[in-house]
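# Examination of the molecular architecture
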Amino acid sequence: MEPAGHAPPMPAAGQPSWVLVCDDTPSIRLLIRINLELAGYEVLEASDGEAALALLRRHLDHLPSVVIVDAQMAPRDGWWVAAEIRTTPALARLPVVMVTAALQQHEKQRSVAAGMDAFVGKPFDPDHLVELVGRLASRGRAEGSSPTPREP
């Protein structure tokens, strides 16, 4: 979770910005955070969807480059987070990556319908996730885009 009073740093020119990682499993958040930090990203964490949305609302003046959400969390899951992001004008253009152990085809189709920019199955290769975040951070989300989610 974000330390009290800690705001993400403003990135230097040409430097990666910050990434929001939302997962209810501390070890998964740690794995993602360490790998992203090694790639130069600042990472803020949330353990559920409500905490993730609260972080985004607190940082409307400096949004993350990418949001990574787990599909299955309580009380608010990654699907809820994605819907809130896509229906909130100030957040709608944020790239969102769904990371989940639910690998069925209907889950992938649901991620497309929800406006996910990418779908990553657990277990995942951390290097591929970092590469995916880098691609999404550099290109952002085109307004009104409906990309087909990719698996790294």
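Everything below is about the structure printed above this text.
Being a predicted model, the structure only gives us computed values, none of them experimental.

## A short note on the overall build of the protein chain
- The helix and strand inventory of the protein chain stands at five helices and five strands.
- Reading the protein chain from its N end, one meets helices and strands in the order β-α-β-α-β-α-β-α-β-α.
- With 152 residues in all, the protein chain has 47% of them scored as buried.
- Of all intrachain contacts in the protein chain linking residues separated by at least 6 positions in sequence, the fraction that spans at least 24 positions is 68%.
- About 7,200 Å² of surface is accessible on the protein chain, with carbon and sulfur atoms providing 54% of the total.

## Regarding the pairing of strand β1 (residues 18-22)
- Counted residue by residue, β1 has five buried out of five residues, so it is predominantly covered.
- Neither face of β1 is left uncovered, since the one carrying W18, L20 and C22 and the one carrying V19 and V21 both have all their residues buried.
- Sheet topology places β1 next to strand β2 (residues 42-46); five bridges connect them, and they run parallel. Bridging from a neighbouring strand, C22 pairs with A46 of β2.
- Regarding the hand of the β-α-β motif, the stretch spanning β1, helix α1 (residues 26-38) and β2 is right-handed.

## Brief notes about helix α3 (residues 78-87)
- Three or more residues of α3 are buried, namely G78, W79, V81, A82, I85 and R86. The arc enclosing the buried residues of α3, seen along the axis, measures out at 160°, which places them on a common side.
- Elements in contact with the buried residues of α3: α2 (49-58), β3 (66-70), β4 (96-100) and α4 (105-113).
- Between the side-chain oxygen of the N-cap and the backbone nitrogen of W79 there are 3.1 Å, and the N-cap of α3 in question is D77.

## Looking at the nonpolar core
- In terms of nonpolar packing, the biggest core is built from 24 residues, with L20, A46, L56, V67, V69, I85 and M98 touching the most fellow members.
- Those elements that provide at least two residues to this core are β1, β2, α2, β3, α3 and β4.
- In this view, M98 contacts V69, D70, A71, G78, W79, M116, A118, F119 and V120; residues no more than four positions away in its chain are not counted.
- Among the nonpolar cores identified, the runner-up in size contains 19 residues, and V21, V97, V99 and L136 belong to it.

## Quick notes on the sheet that holds β1
- Strand order in the open sheet formed by five strands is β2-β1-β3-β4-β5, and the pairing between neighbours is parallel. This sheet does not close on itself; its edge strands, each paired only once, are β2 and β5 (118-121). Across this sheet, the average inter-strand angle for adjacent strands is 20°, counted without regard to direction.
- As defined by bridge partners, β1 adjoins β3 across four bridges and the pair is classed as parallel. By the bridge assignment for β3, V21 is matched with I68.

## As for the packing of α2 against α3
- Contact geometry for α2 and α3: axes closest at 9 Å, N-to-C directions at 25°. Taken together, α2 and α3 sit at an angle that is classed as roughly parallel. Considering how the two elements wind past one another, α2 and α3 form a crossing that is right-handed. Mapping the contact onto sequence places G49, E50, L53, L56 and R57 in α2 and W80, V81, E84 and I85 in α3.

Thresholds, definitions, all that
- Residues numbered from 1 in each chain as written.
- Predicted model: local features only at pLDDT ≥ 70, side-chain atom pairs only at ≥ 80, totals over all residues.
- Heavy atoms only, no water.
- Helix = DSSP H or I, 4+ residues; strand = E, 2+ residues; numbered from the N terminus.
- Buried < 20%, exposed > 50% of the residue type's maximum accessible area, 1.4 Å probe, protein only.
- Contact = heavy atoms within 4.5 Å.
- Areas by Shrake-Rupley, 256 points an atom, 1.4 Å probe, with all protein chains shown as cover.
- Pairing = 2+ DSSP bridges.
- Right-handed = clockwise from strand over helix to strand, strands pointing away.
- Arc of directions from axis to C-beta.
- Polar contact = N/O pair within 3.5 Å; in protein donor to acceptor, adjacent residues only side chain to side chain.
- Core = buried A, V, L, I, M, F, W, Y, C linked by side-chain atoms within 4.5 Å.
- Axes fitted to C-alpha atoms, helices over the stretch in contact; angles between N-to-C directions.
- Parallel < 35°, antiparallel > 145°, perpendicular 65-115°, else oblique.
- Left-handed = near helix turned anticlockwise from the far one by under 90°.

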